[in-house]
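# A closer look at the structure
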Amino acid sequence: MFERIELFPGVIEMNYQARRRLGCCVYLIHDGSDWLLIDIGYEDTVADIVEIIRQLDFPLANCRYLIATHADVDHVQGLSQASELLSGSQTCGHPDTARLLSEGDRVTTYAEISAQGISIEMPIVELDKTIGEGDRLPLGDVSLEVWHTPGHTVGQLAFRLGNLLFSGDNIYRDGCVGNIDAHHGSDIPSFIASLTRIRDSDIEWLLPSHGPPFRKEPALLQATIDRLEGYCHMADFGTCATDWPLMDEWDRELVQGFNPG
Ligand SMILES: [Zn+2]
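Here the residue index of a chain counts from 1 through its sequence in written order. Local features in this predicted model are restricted to residues of pLDDT 70 or higher, and side-chain atom pairs are both shown and tallied only at a pLDDT of 80 or more, whereas totals for entire chains, interfaces and linings draw on every residue. The basis for every side-chain value is the complete set of non-hydrogen atoms in the structure, without hydrogens or water.

## Observations concerning the coordination of the zinc ion
Around the zinc ion, the protein supplies His 75 (NE2), Asp 169 (OD) and His 210 (NE2) as donor atoms, at distances of 2.0 to 2.2 Å. Mapped onto the sequence, the residues coordinating the zinc ion show the spacing H-x93-D-x40-H. With His 75 in helix 3 (residues 73–76) and His 210 in the loop between strand 13 (205–208) and strand 14 (214–215), the pair connects residues that are 135 residues apart, well separated along the chain. Residue classification places His 75 among the buried positions, given a relative accessible area of 0%. Here His 210 falls in the partly exposed class, since its relative accessible area comes to 26%. For Na, K and Ca the donor cut-off is 3.2 Å; for every other metal, N, O and S atoms count as donors within 2.8 Å. Water does not enter the count, which can leave sites looking incomplete. In this description a helix means any DSSP run of H or I spanning at least four residues, a strand means any run of E spanning at least two, and both kinds are numbered starting from the N terminus. Under the scheme applied here, a residue whose accessible area is under 20% of the maximum for its type counts as buried, over 50% as exposed, and between as partly exposed, the area being computed with a 1.4 Å probe on protein chains only.

Dropping the structure here:
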């Protein structure tokens, strides 16, 4: 048996529990005899994670939910395998996540990045349950409140438990955000709205999908929001940018002709 390492009461995270990096954050939340997992990570760590959970003395039959924060391969590749090992649980995620997983969309999930020679397995999964903004997932005597926080991807979810927000790929401790990419369905204005919502909430702790948990500091959120507002007007972000002011300047200057000055 292992000793449970709780980050917060009722919250265990598998990388911390293993004291080494397994992959994305895999949160186990428990209340009474019930427990759930937020994300599962890559397939090759599923067996280790399930074994750790067994050694922590959580009955495998009492897993209620296997939640996908979104459909990226590094978060959900192991979902099919985990749902076989934890057959009493319901797999759940946003309807957009459900669609990508059931269609086996390899591009949007990042299983296939052909320009970089990345091509990995992405098992097809039919989610048991779709969830969205305002839904509650009951667990023992508590419940997780579902927040729809699009931006990184259309189906990105976050989950509130008291003063904690399991915040997915919205923001990390260093102020970085989940990858912004047109092929991924990223939307910068939606991302800004999701970050603004988190900034203005009374959440005290953010538990992201990568890296350590951190206190929600409005200044960090604001610096990130300001950066993304800049991105909206930069060619660097291609079709994710909303405009490019240089083109307006150029329109005016074309009328006048080039003047090397
Ligand atoms: Zn991620």
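Right, picking up where we left off after that structure.
## A closer look at unusual backbone geometry
With a phi angle near 65°, Asp 39 is a residue other than glycine that sits in the positive phi range. Residue classification places Asp 39 among the buried positions, given a relative accessible area of 2%. Backbone geometry at Asp 57 places phi at a positive 70°, although glycine is not the residue there.

## Quick look at the sheet that holds strand 5 (residues 90–93)
A pair of strands is labelled paired if DSSP reports no fewer than 2 bridges between them. As summarised here, the arrangement of the six strands in space is 1-2-3-4-5-8, forming an open sheet in which the pairing is mixed. With one partner strand each, in any of the chains shown, strand 1 (11–13) and strand 8 (129–130) form the two edges of the open sheet.

## Looking at the pattern of salt bridges
Salt bridges are defined as contacts in which a side-chain nitrogen from Lys or Arg sits within 4 Å of a carboxyl oxygen from Asp or Glu. Applying the stated criterion to the full structure yields ten salt bridges. The closest approach of N and O atoms between Arg 20 and Asp 48, which form a salt bridge, is 3.7 Å. Here Arg 20 is found in the loop between helix 1 (14–18) and strand 2 (27–31), whereas its partner Asp 48 is found in helix 2 (residues 46–55), with 28 residues between them in sequence. Overall, the relative accessible area of 45% leaves Arg 20 in the partly exposed class.

Read these as layout, nothing more, since geometry by itself doesn't imply function.
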